[in-house]
Amino acid sequence: MHDIKKILFVTDLTSNAAHAYQYALTMAERFGAAIVVMHVMEGTASLNEEALGKWIGKRRLEAMKDKAKEEARDALIGKKREHKIMQEALEKFCTEVGQVCADDSKVTSDAIVITEGRVVDGIIDTCKKQDCDMIVMAHPVRRVIDEPLFGATTRGVLRKSIKPVLLVPPEQ
């Protein structure tokens, strides 16, 4: 059996994720592993400018791009604030859930990671970068039959991960 020294716990800050975090803590304590807690803020897809230029005209496209750059600059200022708020929420989430299931736990949180972009790619990249041995995440539905196979994120992580993935169903 492989050693489990670091567990990547993926959260969307829901009650399902809180339940899954209890499993991650239990496993980390049992194996003497550290936990990396992560949250991915999904980004937006980029536009195909050539096709768009044909439909609305190049001048209008350039004006839209200039406006988008201005909005992006403003959003980046807001993102710094949003990132800090998310970091504080994750720390509170970990502390509260951790205290519920393991008051005298010797589990260490190796890192709290917040990324932006495609969720599946963010999870897989973080797992590699943080050198995690497994991934723990909540499964959003109680029974797989309730959803066509799995959700897109779950399916993507299962397809792309070379590490074991523990899917924790919601509490009853």
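Attention here is on the structure that accompanies the text.

1. Focus: the side chain of T154
With respect to the secondary-structure elements, T154 resides in helix α5 (residues 152-160). Among all residues touching T154, those that are not within four sequence positions of it are M137, H139, P140 and L167.

2. Some remarks on unusual backbone geometry
Here the phi dihedral of D131 falls at roughly 55 degrees; this positive angle occurs in a residue that is not glycine. In this fold, D131 is placed in the loop between α4 (119-129) and β4 (134-138).

3. Re the packing of α4 against α5
Axis separation between α4 and α5 bottoms out at 9 Å; the angle between their running directions is 40 degrees. Taken together, the axes of α4 and α5 are oblique relative to one another. As for how α4 packs across α5, the hand of that crossing is right-handed. For the pair α4 and α5, the contacting residues are V119, V120, D121, I123 and I124 in the first and A152, T153, G156, V157 and K160 in the second. Of the residues that constitute the contact of α4 with α5, the class distribution is 6 nonpolar, 2 polar and 2 charged.

Thresholds, definitions, all that
- Residues numbered from 1 in each chain as written.
- Predicted model: local features only at pLDDT ≥ 70, side-chain atom pairs only at ≥ 80, totals over all residues.
- Heavy atoms only, no water.
- Helix = DSSP H or I, 4+ residues; strand = E, 2+ residues; numbered from the N terminus.
- Contact = heavy atoms within 4.5 Å.
- Axes fitted to C-alpha atoms, helices over the stretch in contact; angles between N-to-C directions.
- Parallel < 35°, antiparallel > 145°, perpendicular 65-115°, else oblique.
- Left-handed = near helix turned anticlockwise from the far one by under 90°.
- Nonpolar A, V, L, I, M, F, W, Y, C, P; charged D, E, K, R; others polar.

Scope: geometric values only; no functional claims are made or implied.
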